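Listed here are the chains, written in short residue letters.
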Amino acid sequence: MTNIVFLTGAGISADSGLSTFRDSDGLWNNHRVDDVATYEGFVRNRKMVYDFYNDLRRQETSLKPNPAHYALAKLQREYKNGKVTIITQNVDDYHTVAGATDVIHMHGHLHQVRCENCMHVYRCDTDYDETTVCQKCGKAGHIRPNIVWFGEMPLYMARIEEELEQADIFVAIGTSGVVYPAAGFISRVRAIGRAQTVEINLEPSEVNRLFDRSIKGRAKDTVPAYVDELLSAQK
Ligand code: OAD
Ligand code: ZN
(Lines give C-alpha, C1' and ligand atoms only; values in the text may rest on other atoms or scores of the structure.)
(Ligands and ions follow the chains in the order given, each with its own letter.)
Protein backbone atom coordinates (compact mmCIF):
# COMPACT_ATOMS: atom_id res chain seq x y z
CA MET A 1 0.00 0.00 0.00
CA THR A 2 1.17 3.48 -0.87
CA ASN A 3 -1.25 6.12 0.41
CA ILE A 4 -0.90 9.51 -1.19
CA VAL A 5 -2.12 12.68 0.50
CA PHE A 6 -2.33 15.97 -1.40
CA LEU A 7 -2.67 19.37 0.20
CA THR A 8 -3.76 21.93 -2.37
CA GLY A 9 -3.82 25.73 -2.19
CA ALA A 10 -4.78 28.69 -4.35
CA GLY A 11 -1.88 28.03 -6.77
CA ILE A 12 -3.64 24.97 -8.22
CA SER A 13 -6.62 27.13 -9.22
CA ALA A 14 -4.49 30.03 -10.49
CA ASP A 15 -4.24 28.34 -13.89
CA SER A 16 -8.05 28.37 -14.05
CA GLY A 17 -7.88 32.16 -13.80
CA LEU A 18 -8.90 32.48 -10.16
CA SER A 19 -6.75 34.90 -8.12
CA THR A 20 -4.52 33.50 -5.43
CA PHE A 21 -4.50 35.28 -2.06
CA ARG A 22 -0.97 36.58 -1.72
CA ASP A 23 0.40 37.06 -5.25
CA SER A 24 0.64 40.66 -6.47
CA ASP A 25 -2.82 40.72 -8.06
CA GLY A 26 -4.15 38.53 -5.25
CA LEU A 27 -7.50 38.64 -3.52
CA TRP A 28 -6.04 40.02 -0.31
CA ASN A 29 -4.42 42.82 -2.26
CA ASN A 30 -7.76 44.36 -3.12
CA HIS A 31 -9.49 43.69 0.18
CA ARG A 32 -8.71 44.01 3.85
CA VAL A 33 -8.65 40.53 5.33
CA ASP A 34 -10.23 41.99 8.49
CA ASP A 35 -13.23 43.15 6.45
CA VAL A 36 -14.05 40.03 4.46
CA ALA A 37 -12.41 37.13 6.25
CA THR A 38 -13.14 37.56 9.94
CA TYR A 39 -16.30 37.21 12.00
CA GLU A 40 -15.79 40.76 13.30
CA GLY A 41 -15.81 42.05 9.71
CA PHE A 42 -19.08 40.20 9.09
CA VAL A 43 -20.67 41.76 12.16
CA ARG A 44 -19.44 45.24 11.11
CA ASN A 45 -20.63 45.09 7.51
CA ARG A 46 -22.66 42.08 6.48
CA LYS A 47 -23.44 43.45 3.05
CA MET A 48 -19.77 43.80 2.13
CA VAL A 49 -19.13 40.18 3.13
CA TYR A 50 -22.19 38.80 1.31
CA ASP A 51 -21.18 40.76 -1.81
CA PHE A 52 -17.59 39.53 -1.61
CA TYR A 53 -18.49 35.81 -1.46
CA ASN A 54 -21.38 36.10 -3.93
CA ASP A 55 -19.02 37.80 -6.41
CA LEU A 56 -16.29 35.25 -5.81
CA ARG A 57 -18.71 32.36 -6.31
CA ARG A 58 -20.01 33.89 -9.54
CA GLN A 59 -16.44 34.40 -10.78
CA GLU A 60 -15.56 30.82 -9.83
CA THR A 61 -18.62 29.47 -11.65
CA SER A 62 -17.67 31.36 -14.80
CA LEU A 63 -14.26 29.63 -14.86
CA LYS A 64 -13.32 25.95 -15.06
CA PRO A 65 -11.01 23.37 -13.54
CA ASN A 66 -7.60 23.10 -15.27
CA PRO A 67 -5.42 20.08 -16.15
CA ALA A 68 -4.03 19.94 -12.59
CA HIS A 69 -7.49 19.33 -11.10
CA TYR A 70 -8.28 16.75 -13.80
CA ALA A 71 -4.99 14.95 -13.18
CA LEU A 72 -5.67 14.55 -9.44
CA ALA A 73 -9.20 13.29 -10.18
CA LYS A 74 -7.75 10.78 -12.65
CA LEU A 75 -5.25 9.62 -10.05
CA GLN A 76 -8.06 9.13 -7.52
CA ARG A 77 -9.85 6.94 -10.07
CA GLU A 78 -6.92 4.99 -11.46
CA TYR A 79 -4.46 4.56 -8.62
CA LYS A 80 -4.67 0.99 -7.29
CA ASN A 81 -1.76 0.89 -4.85
CA GLY A 82 -3.50 2.73 -2.01
CA LYS A 83 -5.72 5.65 -1.08
CA VAL A 84 -5.50 9.06 -2.77
CA THR A 85 -6.71 11.82 -0.47
CA ILE A 86 -7.17 15.45 -1.45
CA ILE A 87 -7.15 18.00 1.35
CA THR A 88 -7.79 21.46 -0.03
CA GLN A 89 -7.53 24.92 1.47
CA ASN A 90 -9.45 26.18 -1.53
CA VAL A 91 -13.09 27.11 -1.30
CA ASP A 92 -13.73 26.61 -5.02
CA ASP A 93 -15.42 23.47 -6.36
CA TYR A 94 -12.88 22.61 -9.07
CA HIS A 95 -11.55 19.34 -7.64
CA THR A 96 -15.10 17.95 -7.55
CA VAL A 97 -16.14 19.43 -10.90
CA ALA A 98 -13.05 17.75 -12.39
CA GLY A 99 -14.28 14.42 -11.04
CA ALA A 100 -12.52 13.95 -7.70
CA THR A 101 -14.77 11.95 -5.41
CA ASP A 102 -13.33 12.58 -1.99
CA VAL A 103 -12.21 16.14 -1.26
CA ILE A 104 -11.67 17.48 2.26
CA HIS A 105 -12.54 21.20 2.25
CA MET A 106 -10.73 22.30 5.39
CA HIS A 107 -11.45 26.02 4.81
CA GLY A 108 -15.08 25.52 3.81
CA HIS A 109 -16.83 25.88 0.50
CA LEU A 110 -17.98 28.76 -1.71
CA HIS A 111 -21.10 26.82 -2.67
CA GLN A 112 -22.27 26.21 0.87
CA VAL A 113 -23.96 28.37 3.48
CA ARG A 114 -24.46 27.81 7.19
CA CYS A 115 -27.38 28.92 9.32
CA GLU A 116 -26.25 30.47 12.60
CA ASN A 117 -29.65 29.78 14.12
CA CYS A 118 -29.84 25.99 13.59
CA MET A 119 -26.25 25.32 12.36
CA HIS A 120 -27.52 23.56 9.24
CA VAL A 121 -25.01 23.56 6.35
CA TYR A 122 -26.34 23.26 2.82
CA ARG A 123 -25.39 23.78 -0.79
CA CYS A 124 -26.30 27.15 -2.27
CA ASP A 125 -25.40 28.07 -5.84
CA THR A 126 -27.26 31.38 -5.92
CA ASP A 127 -26.78 34.77 -4.24
CA TYR A 128 -27.77 35.05 -0.59
CA ASP A 129 -27.89 37.90 1.92
CA GLU A 130 -29.44 38.97 5.23
CA THR A 131 -32.95 38.31 3.87
CA THR A 132 -32.26 34.68 2.88
CA VAL A 133 -34.45 32.15 4.66
CA CYS A 134 -32.77 29.01 6.06
CA GLN A 135 -33.76 25.86 4.22
CA LYS A 136 -34.11 23.95 7.49
CA CYS A 137 -35.39 26.22 10.29
CA GLY A 138 -37.20 28.68 8.02
CA LYS A 139 -35.75 31.78 9.75
CA ALA A 140 -34.29 34.72 7.85
CA GLY A 141 -31.21 36.73 8.82
CA HIS A 142 -28.93 33.96 10.02
CA ILE A 143 -27.21 32.74 6.86
CA ARG A 144 -23.43 33.11 6.50
CA PRO A 145 -20.90 31.73 4.02
CA ASN A 146 -19.64 28.30 5.11
CA ILE A 147 -16.10 29.62 4.94
CA VAL A 148 -13.50 29.33 7.67
CA TRP A 149 -12.39 32.85 8.57
CA PHE A 150 -9.25 33.94 10.37
CA GLY A 151 -9.55 33.05 14.03
CA GLU A 152 -11.96 30.17 13.31
CA MET A 153 -11.17 26.47 13.53
CA PRO A 154 -10.52 24.69 10.21
CA LEU A 155 -12.89 21.81 9.48
CA TYR A 156 -12.30 18.02 9.54
CA MET A 157 -9.05 18.24 11.51
CA ALA A 158 -9.51 14.79 13.11
CA ARG A 159 -9.89 13.12 9.69
CA ILE A 160 -6.92 15.12 8.37
CA GLU A 161 -4.71 13.95 11.23
CA GLU A 162 -5.66 10.34 10.45
CA GLU A 163 -4.84 10.80 6.76
CA LEU A 164 -1.47 12.39 7.57
CA GLU A 165 -0.64 9.48 9.87
CA GLN A 166 -1.32 6.98 7.07
CA ALA A 167 0.43 8.92 4.30
CA ASP A 168 3.33 7.32 2.43
CA ILE A 169 3.63 10.26 0.05
CA PHE A 170 2.64 13.80 1.04
CA VAL A 171 2.40 16.38 -1.75
CA ALA A 172 1.71 20.10 -1.25
CA ILE A 173 0.59 21.93 -4.39
CA GLY A 174 0.28 25.69 -4.89
CA THR A 175 0.30 26.84 -1.31
CA SER A 176 2.48 29.57 0.18
CA GLY A 177 2.95 27.78 3.50
CA VAL A 178 2.06 30.74 5.68
CA VAL A 179 -1.46 29.96 6.92
CA TYR A 180 -1.59 27.50 9.82
CA PRO A 181 -2.55 24.81 10.59
CA ALA A 182 -2.21 23.73 6.92
CA ALA A 183 1.30 25.19 6.69
CA GLY A 184 2.24 22.93 9.60
CA PHE A 185 1.13 19.66 7.95
CA ILE A 186 4.61 19.17 6.49
CA SER A 187 6.15 19.36 9.97
CA ARG A 188 3.53 16.95 11.28
CA VAL A 189 4.24 14.50 8.42
CA ARG A 190 7.96 14.73 9.16
CA ALA A 191 7.37 14.10 12.84
CA ILE A 192 5.32 11.00 11.96
CA GLY A 193 8.37 10.06 9.93
CA ARG A 194 6.91 7.77 7.32
CA ALA A 195 6.12 9.73 4.15
CA GLN A 196 8.18 10.95 1.25
CA THR A 197 7.38 14.63 0.80
CA VAL A 198 7.05 16.70 -2.36
CA GLU A 199 6.32 20.37 -2.93
CA ILE A 200 4.92 21.46 -6.31
CA ASN A 201 4.82 25.24 -6.60
CA LEU A 202 5.63 28.14 -8.87
CA GLU A 203 8.28 29.30 -6.41
CA PRO A 204 9.63 27.79 -3.18
CA SER A 205 7.11 28.27 -0.36
CA GLU A 206 7.91 29.43 3.17
CA VAL A 207 8.26 25.79 4.24
CA ASN A 208 10.02 24.50 1.10
CA ARG A 209 13.19 23.41 2.91
CA LEU A 210 11.19 20.83 4.89
CA PHE A 211 10.29 18.82 1.77
CA ASP A 212 12.41 15.97 0.32
CA ARG A 213 11.70 17.02 -3.25
CA SER A 214 10.67 20.24 -4.91
CA ILE A 215 9.08 20.58 -8.35
CA LYS A 216 8.92 24.09 -9.73
CA GLY A 217 6.46 25.30 -12.36
CA ARG A 218 2.85 25.99 -13.12
CA ALA A 219 0.41 23.50 -11.68
CA LYS A 220 -1.31 22.89 -15.03
CA ASP A 221 1.99 21.45 -16.39
CA THR A 222 3.71 20.02 -13.32
CA VAL A 223 0.78 18.21 -11.71
CA PRO A 224 -0.25 16.14 -14.77
CA ALA A 225 3.42 15.16 -15.25
CA TYR A 226 3.76 14.16 -11.59
CA VAL A 227 0.51 12.16 -11.72
CA ASP A 228 1.77 10.29 -14.79
CA GLU A 229 4.92 9.48 -12.84
CA LEU A 230 2.84 8.01 -9.98
CA LEU A 231 0.60 6.04 -12.35
CA SER A 232 3.52 4.55 -14.26
CA ALA A 233 5.36 3.64 -11.05
CA GLN A 234 2.45 1.41 -9.97
CA LYS A 235 2.69 -0.79 -13.07
P1 OAD B 1 -1.50 31.90 -1.38
O2 OAD B 1 -2.06 32.96 -2.27
O3 OAD B 1 -0.95 32.30 -0.08
O4 OAD B 1 -0.33 31.12 -2.14
C5 OAD B 1 -0.46 30.65 -3.45
C6 OAD B 1 0.81 29.89 -3.82
O7 OAD B 1 0.62 29.34 -5.12
C8 OAD B 1 2.06 30.76 -3.86
O9 OAD B 1 3.12 30.07 -3.21
C10 OAD B 1 2.36 30.89 -5.37
O11 OAD B 1 3.74 30.94 -5.66
C12 OAD B 1 1.76 29.61 -5.91
N13 OAD B 1 1.29 29.70 -7.30
C14 OAD B 1 0.77 30.77 -7.96
N15 OAD B 1 0.43 30.45 -9.21
C16 OAD B 1 0.74 29.12 -9.38
C17 OAD B 1 0.61 28.19 -10.46
N18 OAD B 1 0.10 28.55 -11.63
N19 OAD B 1 1.04 26.93 -10.24
C20 OAD B 1 1.56 26.54 -9.05
N21 OAD B 1 1.70 27.37 -8.01
C22 OAD B 1 1.28 28.65 -8.15
O23 OAD B 1 -2.64 30.77 -1.23
P24 OAD B 1 -2.77 29.60 -0.14
O25 OAD B 1 -1.46 29.10 0.32
O26 OAD B 1 -3.75 28.64 -0.68
O27 OAD B 1 -7.74 30.86 3.70
O28 OAD B 1 -3.46 30.40 1.05
C29 OAD B 1 -3.82 29.72 2.20
C30 OAD B 1 -5.06 30.31 2.80
O31 OAD B 1 -4.89 31.72 2.99
C32 OAD B 1 -6.28 30.25 1.93
O33 OAD B 1 -6.94 29.00 1.98
C34 OAD B 1 -7.16 31.32 2.47
C35 OAD B 1 -6.13 32.39 2.71
O36 OAD B 1 -6.36 33.23 3.75
C37 OAD B 1 -9.02 31.09 3.96
O38 OAD B 1 -9.77 31.70 3.20
C39 OAD B 1 -9.48 30.54 5.25
ZN1 ZN C 1 -31.54 27.43 10.15
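Nothing here was measured: the structure is a model prediction, and the numbers come from that model. (Residues numbered from 1 in each chain as written. Chains lettered and ligands numbered in written order. Predicted model: local features only at pLDDT ≥ 70, side-chain atom pairs only at ≥ 80, totals over all residues. Heavy atoms only, no water.)

Caption draft 1: View of helix α8 (residues 157-166). Among all positions in α8, only I160, E163 and L164 are buried. Angular distribution of buried residues about the axis of α8 spans 100°; they occupy a single face of the element. In the core, the buried residues of α8 are packed alongside β1 (4-8), β2 (84-88), β3 (103-105), β7 (169-173) and α9 (185-192). (Buried < 20%, exposed > 50% of the residue type's maximum accessible area, 1.4 Å probe, protein only. Helix = DSSP H or I, 4+ residues; strand = E, 2+ residues; numbered from the N terminus. Arc of directions from axis to C-beta. Contact = heavy atoms within 4.5 Å.)

Caption draft 2: The arrangement of the domain arrangement of the chain in detail. The domain architecture assigned to the chain consists of domain 1 (1-18 + 64-107 + 154-235) and domain 2 (20-62 + 109-147). The interface is formed by 14 residues belonging to domain 1 together with 11 residues belonging to domain 2. At the boundary of domain 1 with domain 2, total buried surface from both sides reaches about 1,100 Å², with 58% on carbon and sulfur atoms. The largest contributions to the domain 1 side of the interface with domain 2 come from L18, V91 and D93, which together make up 42% of the buried area. For the interface between domain 1 and domain 2, the tally reads 1 salt bridge. In this structure, the salt-bridge partner of R123 is D93, at a minimum N-O distance of 3.0 Å. For the pair domain 1 and domain 2, the interface holds 5 residue pairs in polar contact (both at pLDDT 80 or more). Counting residues per element, the side of domain 1 that touches domain 2 draws most heavily on helix α1 (residues 10-14), at 3 residues. Broken down by class, the residue content of the side of domain 1 that touches domain 2 amounts to 7 nonpolar, 5 polar and 2 charged. (Domains from an automatic or database assignment. Buried area = accessible area lost by both parts, 1.4 Å probe. Salt bridge = Lys/Arg side-chain N within 4 Å of Asp/Glu carboxyl O. Polar contact = N/O pair within 3.5 Å; in protein donor to acceptor, adjacent residues only side chain to side chain. Nonpolar A, V, L, I, M, F, W, Y, C, P; charged D, E, K, R; others polar.)

Caption draft 3: How the structure looks around the packing of helix α6 (residues 67-78) against helix α10 (residues 219-233). At a minimum axis distance of 7 Å, the contact between α6 and α10 shows a crossing angle of 15°. As the angle between them shows, α6 and α10 are arranged roughly parallel. Helix-helix and strand crossings are classified by hand; for α6 and α10 the assignment is left-handed. Contact residues: α6 offers P67, A68, A71, L72, K74, L75 and E78, while α10 offers A219, K220, V223, P224, V227, D228, L230 and L231. Classifying every residue of the contact of α6 with α10 gives 11 nonpolar, no polar and 4 charged. (Axes fitted to C-alpha atoms, helices over the stretch in contact; angles between N-to-C directions. Parallel < 35°, antiparallel > 145°, perpendicular 65-115°, else oblique. Left-handed = near helix turned anticlockwise from the far one by under 90°.)

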